[in-house]
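Examination of the molecular architecture
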Amino acid sequence: MLQDLAATTREATGNASTMQVSHDEGALLTMLTRLVNARFAVEVGTFTGYSALCIARGLADGGRLLTCDVSDEWTALGRPAWERAGLADRIELKLGPAVDTLRALPEEPVVDIAFIDADKVNYPVYYEEIIQRMRPGGLVVLDNVFLGGRVFDPAYQQEHHVAMRRLNDLIAGDERVESVMLPVRDGVTLARRR
């Protein structure tokens with residue numbers, strides 16, 4: 001199923017297919033979702049639904065995933081895969097600005113795991129909205145924290161580089177979490193809520 005969705009994504013989106021998580025990162029998402037025994041997961045940035053499928057596969061019985069994106073065109077590619085995998089009933093897709101969807105969530109700690117892989121400039125906002133709603137022991141997973149290594153080079157000063165540097169510093173100093181940055185694909189940060 002995942003291989004078919006990856007192939008469909010490459011055919012339909014061309015060079016944009018590089019936005020899809022890799023097989024190893026998808027397997028990591030499934031494993032992490034299982035390890036935290038997630039019943040409620042949040043994803044910011046669905047693209048064609050590969051990572052949503054990986055997270056949904058790891059959910060505990062009765063679990064659900066709220067996934068946020070702005071593109072009906074790209075997310076429509078994933079919906080048939082969710083159906084074929086028998087997981088569509090676990091996945092709720094919200095189209096529109098993710099920050100609005102996150103702010104509409106209950107303020108109490110209801111999130112077990114979250115995956116952030118969307119527009120990099122808004123990562124700090126997404127992180128803050130999610131961490132406030134994360135249960136103790138819950139996990140935030142953030143993709144692309146290296147930005148091709150550019151976040152480590154002060155010569156790169158575009159808005160998304162600066163935002164990611166700010167976020168990396170914020171998480172490293174955030175006493176609400178314990179965190180680790182992994183050299184998986186383009187960098188993955190895991191932040192566990194204390």
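None of the values given here were measured: they were computed from a predicted structure.

**Some details on the sheet that holds strand β2 (residues 64-69)**
Reading across the sheet, the seven strands line up as β3-β2-β1-β4-β5-β7-β6 and stay open at both edges, with mixed pairing between neighbours. The open sheet has two edge strands, β3 (91-95) and β6 (177-182), and neither has a second partner. Between one strand and the next, the sheet's axes are offset by a mean angle of 15°, whatever the strand orientation. Each of β1 (40-44), β2, β3 and β4 (111-116) is contacted by helix α3 (residues 50-58), which is oriented at about 170° to β1, the strand it contacts most.

**Remarks on helix α7 (residues 159-173)**
Compared with an ideal rise of 1.5 Å per residue, which puts 15 residues at 21 Å, α7 spans 21 Å between its outermost C-alpha atoms and is within 8% of the ideal. Among all positions of α7, only H161, A163, M164, R165, L167, N168 and I171 are buried. Where the residues of α7 are buried, they touch α6 (123-131), β5 (134-143), β6 and β7 (188-193).

**Let's talk about the layout of surface pockets**
Each pocket or cavity is described by its volume, and for the largest pocket that value is around 480 Å³. In terms of lining residues, the largest pocket is bounded by 29 residues, among which M19, G45, D117, A118 and D119 are the most central. A breakdown of the residues in the lining of the largest pocket according to their chemical character gives 12 nonpolar, 10 polar and seven charged.

**A look at the side chain of R90**
Within the secondary structure, R90 sits in the loop between α4 (72-84) and β3. Within the structure, R90 has its side chain in polar contact with the backbone oxygen of L59 (distance 3.2 Å). Among all residues touching R90, those that are not within four sequence positions of it are A56, L59, A60, D61, G62, G63, R64 and L65.

**Focus: the pattern of salt bridges**
Applying the stated criterion to the full structure yields 10 salt bridges. Residues K94 and E92 are paired through a salt bridge, measuring 3.7 Å at the closest nitrogen-oxygen approach. One salt bridge in this structure joins D117 and K120, with 3.3 Å as the shortest N-O distance. Accessibility classification places D117 together with K120 in one group, the buried group. Via salt bridges that share partners, R64, E92 and K94 belong to a single interconnected network.

The rules behind each value
Residues numbered from 1 in each chain as written. Predicted model: local features only at pLDDT ≥ 70, side-chain atom pairs only at ≥ 80, totals over all residues. Heavy atoms only, no water. Pairing = 2+ DSSP bridges. Helix = DSSP H or I, 4+ residues; strand = E, 2+ residues; numbered from the N terminus. Axes fitted to C-alpha atoms, helices over the stretch in contact; angles between N-to-C directions. Contact = heavy atoms within 4.5 Å. Expected span 1.5 Å × (residues − 1). Buried < 20%, exposed > 50% of the residue type's maximum accessible area, 1.4 Å probe, protein only. 1 Å grid on protein atoms, 1.4 Å probe; cavity = no way out; pocket = protein on both sides within 12 Å on 5 of 7 lines; lining within 4 Å. Points joined across faces, edges and corners; volume = space filled by probe spheres on them. Nonpolar A, V, L, I, M, F, W, Y, C, P; charged D, E, K, R; others polar. Polar contact = N/O pair within 3.5 Å; in protein donor to acceptor, adjacent residues only side chain to side chain. Salt bridge = Lys/Arg side-chain N within 4 Å of Asp/Glu carboxyl O.

These figures come from the coordinates and say nothing about function on their own.
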